[in-house]
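Fold and geometry: a report
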Amino acid sequence: MMHQRTQAIRAAARKLLAQGRVDVVIGYTQGTIPLRAQPYLAYTPEECDRLIWSSFCGGNLATFASGRTDRVAVVAQGCVSRNLNGLIHEKRLRRENLYVIGVPCLGMLDQRKVETKTAGRIVATLENDPEEDMGEITVSGCDAAGECFTERLKRRDVKRDNCYTCMHRNPVIADEMVAEPVTETAGGDINAVAAPWERFDAERRWAEFTKTFEDCIRCYACRDICPLCYCTTCFTDESDPQWCGKTQDPADVQTFHILRAFHCAGRCTDCGACETACPQGIRMRRLTSKLEKDVRTLWGHDPGMDSEAEPPLATYRPDDPQEHFK
Ligand code: SF4
Ligand code: SF4
Ligand code: SF4
């Protein structure tokens, strides 16, 4: 059964391409493995038949619109629309070249949580209605011995962490919407779960930080999926001067993640794409969610809500909280 959002996205995309209003529609298609959706660029009305909406649309499509000069339509839920706004503000996109197909979002599921809940057995199919928020899903597949299984899981138990606490599920800019708006609270308290280590003393915090990043293999998938990381030459690739070594030595890994997180401060929408992309299951939102919380609570700034708003770390105000700014 094709879900309503998928039908509406395909219809909107077909119409835009057939009428010549855009050159390309950037959306999602089914991934090559179960529990994955992947970015897909449709250039013709016929190609729109491959567009989908599912609970695994976890990549951030703003990344694929960034820097383009042709007329693009982007399928955008709340977080992606905010990143589009950020890119407009940073002059990586022109609003007049952008058409937003807005998708009210009920949150994405976490492939790893599904795998954990099914005890590592291979899940071949997941019946899942992305129109439904906290319902149940059916997973089925086989284990290593060839024994097949079918199980029911509660959707909230396998939701992506950031989607569980998301506060902006409806698109903040949209040229058309494919469904009625959803309620804005996802269920979890963002302030309670953001920055899980801020209550620890310095020693424990460092130990937690070291452990969080110890398996990073420096593949840069987190950087490459993030719409904020568009520098032509990333600081990690600079050789003169070399800001950061390229090895997997803990000091190099930690430097990469700390610097990248600070580059995202005041711009990160907590979209979760970096964690979804990571092949190692690294929880890099443990850094970015702390920065998101600080920016929100210190300056009242939610990145990407308004394409005109200056990010706090790019501006100065006489009442800035830190003395050394004055
Ligand atoms: S962060 Fe919010 S808008 Fe983005 S996918 Fe999750 S629930 Fe949807
Ligand atoms: S740092 Fe991660 S959560 Fe933040 S905008 Fe980039 S991909 Fe999204
Ligand atoms: S995607 Fe994961 S493994 Fe790759 S660089 Fe980022 S944190 Fe490290």
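Below: a short report on this structure. (Residues numbered from 1 in each chain as written. Chains lettered and ligands numbered in written order. Predicted model: local features only at pLDDT ≥ 70, side-chain atom pairs only at ≥ 80, totals over all residues. Heavy atoms only, no water.)

Close to ligand 1 lie Q77, G78, C79, C105, G107, M108, R160, N162, C163, C166, H168 and R169. More than half of the atoms of ligand 1 fall within 2 Å of the grid points belonging to the largest cavity. Of all the secondary structure elements, the ones that give two or more residues to the shell around ligand 1 are α3 (78-89) and α5 (161-165). Per-class residue counts for the shell around ligand 1 are 5 nonpolar, 5 polar and 2 charged. (Near = heavy atom within 4 Å. 1 Å grid on protein atoms, 1.4 Å probe; cavity = no way out; pocket = protein on both sides within 12 Å on 5 of 7 lines; lining within 4 Å. Sits in = over half its atoms within 2 Å of the grid points. Helix = DSSP H or I, 4+ residues; strand = E, 2+ residues; numbered from the N terminus. Nonpolar A, V, L, I, M, F, W, Y, C, P; charged D, E, K, R; others polar.)

What follows concerns the nonpolar core. One finds V25, W53, V74, V80, L84, L98 and I101 to be the most contacted residues of the largest nonpolar core, which totals 46 residues. Elements that contribute at least two residues to this core include exactly α1 (4-18), β1 (24-30), β2 (37-42), α2 (62-65), β3 (72-76), α3 and β4 (98-102). Top contributing element to this core by residue count: α1, with 6 residues. Formed by 20 residues, the second largest nonpolar core is a distinct cluster that contains Y220, V253, A261 and A265. (Core = buried A, V, L, I, M, F, W, Y, C linked by side-chain atoms within 4.5 Å. Buried < 20%, exposed > 50% of the residue type's maximum accessible area, 1.4 Å probe, protein only.)

So, about the packing of aromatic side chains. As enumerated under the stated definition, the model contains 6 aromatic pairs in all. A ring pair is formed by Y220 and F256, whose centres lie 5.2 Å apart and whose planes are at 75°; its orientation type is edge-to-face. Pair noted here: Y220 is in the loop between α7 (202-213) and α8 (221-225) and F256 is in helix α9 (residues 250-264), with a separation of 36 residues, a long-range link. Overall, the relative accessible area of 11% leaves Y220 in the buried class. Note on F256: relative accessible area 1%, which makes it buried. On the basis of an interplanar angle of 35° and a centroid distance of 6.4 Å, the ring pair of F235 and F256 is categorised as tilted. (Phe/Tyr/Trp six-rings, centres within 6.5 Å; stacked < 30°, edge-to-face > 60°.)

With that settled, the discussion passes to the side chain of N97. Inspection of the secondary structure puts N97 in the loop between α3 and β4. Not counting residues up to four positions away in its chain, the partners in contact with N97 are T69, D70, R71 and V72. (Contact = heavy atoms within 4.5 Å.)

Backbone torsion omega between D240 and P241 reads 0°, so that peptide bond is classified as cis. Along the chain, P241 falls in the loop between α8 and α9. Phi at R218 is positive, roughly 60°, even though this residue is not glycine. Mapped onto the elements, R218 comes out in the loop between α7 and α8. You can call R218 buried: its relative accessible area is 8%. One non-glycine residue, D270, lies in the positive phi region at around 60°. Mapped onto the secondary structure, D270 falls in the loop between α9 and α10 (273-277). The buried category is assigned to D270, whose relative accessible area is 11%.

Before going further, it helps to spend a moment on the environment of G102. With respect to the helices, strands and loops of the structure, G102 is situated in strand β4. A relative accessible area of 0% means that G102 is categorised as buried. Residues G102 and A174, 72 residues apart in the sequence, show an inter-C-alpha distance of 5.0 Å. Apart from the residues lying within four places of it in its own chain, the contact partners of G102 are A76, P171, A174, E176, M177 and V178.

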